[in-house]
Amino acid sequence: MGNGKANGGDGKHVVQNDGFCACCRSNTVFRSPEQWLRDFYVCTKCGSVPRQRHIQTVLDSRFPGWEQLVIHESSPSNDFISRYASQYSASQYFPDVPRGETAANGVRSEDVENLTFGDESIDIFVTQDVLEHVFRPERAIAEIHRVLKPGGAHVFTAPKHKGLLETVQRAALNSDGTIEYLLPEEYHGNPIGDNKALVTYDYGYDFEQLMSTWAGTSVEVFHTLDRSRGLDAEFNEVYVIVKPGGAPVPPRVSPHSLYWSARDFARRAERKARRVVGERIRARRS
Ligand SMILES: [Zn+2]
């Protein structure tokens, strides 16, 4: 196991290093008192954990200018995305508040399996550790893709389980609304209610395959190990599924594609010049 000092620790901390935090967008010190970095490797300025910094990093690198897009976040547990986004909304699942209405705490009530948003109304839909708590993740994925604009994206995290080859369902919803526990009840922290969120699925190595099948398109997986940005933890992947059919989120332009578009422009200009000259010659002859 790790020697704290060898990892840059100070004895009290297993890991400690300087770096840049994508959540508070400032230079900071990252440190963890535990080996389990996923929950303990925090930014000492804003308290963010690796998963939050990674999703912010993927937004910054994959969707530059995302701050100006229409963003919805389902069940946020922090404000890191909202503090930079100009068109941001959030929702939580309140079983006793009608869908689409605002709960007493000012947050919109939404069921991610049955959203009230119009078709193609959102550029980026974010879910951070939500999909392991829904009863019908395939319906959640279908709903998210219904409300995404063509070219929009679902950006999400969900824990995968070490050594688990196939995804296991832990709990199901019966038609009468009661819960059937297929495995012993397990809960994660929840920002609302009694602070308990039932785990419905343990995702395995087939997670991306399931998501791709349910979305009907490809899944991009981002895995980054970079302690200078506080990115190091197990199960720290960020997934991106882009809805096919449009490009409201402009792709990054590489120097290579710039070269090709410059060449195409030059060829089009040359063809146009020839056509104009040809027309002039023909006009002179007639
Ligand atoms: Zn920070």
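Residues numbered from 1 in each chain as written. Predicted model: local features only at pLDDT ≥ 70, side-chain atom pairs only at ≥ 80, totals over all residues.

Draft legend 1. Structural detail: the overall build of the protein. Check the secondary structure of the protein and you find five helices and 16 strands. Buried residues in the protein amount to 31% of all 286 residues. The long-range share in the protein, meaning contacts at least 24 apart out of those at least 6 apart in sequence, stands at 58%. (Helix = DSSP H or I, 4+ residues; strand = E, 2+ residues; numbered from the N terminus. Buried ≥ 20, exposed ≤ 12 C-beta atoms within 10 Å, placed from the backbone. Contact = placed C-beta atoms within 7 Å.)

Draft legend 2. View of the sheet that holds strand β2 (residues 26–32). With antiparallel pairing, the three strands of this open sheet are ordered in space as β1-β2-β3. One side of each edge strand has no neighbouring strand; the edge strands of this open sheet are β1 (15–21) and β3 (42–43). As paired elements, β2 and β3 share two bridges and run antiparallel to each other. Bridge pairing in β3 links Phe30 to Cys43. (Pairing = 2+ DSSP bridges.)

Draft legend 3. Focus on the environment of Arg83. In this structure, Arg83 sits in the loop between β4 (70–74) and β5 (87–92). We classify Arg83 as partly exposed; it has 13 C-beta atoms within 10 Å. Distance in space between the C-alpha atoms of Arg83 and Cys24 is 9.3 Å, their sequence separation being 59 residues.

Draft legend 4. Fine view of the nonpolar core. Ranked by size, the top nonpolar core spans 51 residues in total, and within it Tyr41, Ile124, Val126 and Val155 carry the most contacts. Counting residues per element, the ones that place at least two in this core are β1, β3, α2 (50–62), β7 (122–128), α3 (137–147), β8 (148–157), α4 (207–215) and β16 (238–242). Ignoring anything within four residues of it in the chain, the contact list for Val126 reads Ile71, Glu73, Ile81, Val155 and Phe156. (Core = buried A, V, L, I, M, F, W, Y, C linked by C-beta atoms within 7 Å.)

Draft legend 5. Just the confidence of the model for the protein, in detail. The predicted model of the protein averages 89 in pLDDT, with 88% of residues at 70 or higher. Mean pLDDT in the protein bottoms out at helix α5 (residues 255–285), which sits at 72, and peaks at β3, which reaches 98. Scored below 50 in pLDDT, residues 1–5 shows nine contacts in the model against residues more than four places distant or in partner chains. (pLDDT = per-residue confidence, 0-100.)

Draft legend 6. The sheet that holds β7, seen in detail. In spatial order, the strands read β6-β5-β4-β7-β8-β16-β15; together these seven strands make up an open sheet with mixed pairing. The open sheet is flanked by β6 (108–109) and β15 (220–222), the only strands paired with a single partner. Here six bridges tie β7 to β8, and the two strands are oriented parallel to one another. Looking across to β8, one finds that Ile122 is bridged to Leu148.

Draft legend 7. Molecular detail of the pairing of β5. Relative to β5, β4 runs parallel, the two sharing five bridges. When the bridges of β5 are listed, Glu73 appears paired with Ala90.

Draft legend 8. Highlighting the environment of Asn78. As for its position among the elements, Asn78 is in the loop between β4 and β5. Note on Asn78: 17 C-beta atoms within 10 Å, which makes it partly exposed. Separated by 26 residues in sequence, Asn78 and Gln52 have C-alpha atoms that sit 8.6 Å apart.

Draft legend 9. Here's a closer look at the pairing of β2. Here seven bridges tie β1 to β2, and the two strands are oriented antiparallel to one another. By the bridge assignment, Cys21 is partnered in β2 with Ser26. The turn joining β1 and β2, which pair antiparallel and follow one another in sequence, is formed by four residues; a positive phi near 50 degrees is taken by Arg25.

Draft legend 10. Layout of α3. Those residues of α3 that sit buried are Pro137, Ala140, Ile141 and Ile144. Taken around the axis of α3, the buried residues stretch over an arc of 100 degrees, which confines them to a single face. Those residues of α3 that are buried are in contact with β7, β8, β14 (201–202) and α4. (Arc of directions from axis to C-beta.)

Draft legend 11. Structural detail: α4. Residues of α4 that are buried include every one of Phe207, Met211 and Ala215, and no others. Relative to the axis of α4, the buried residues are bounded by an arc of 55 degrees and lie together on one face. Where α4 is buried, its residues touch α3 and β16.

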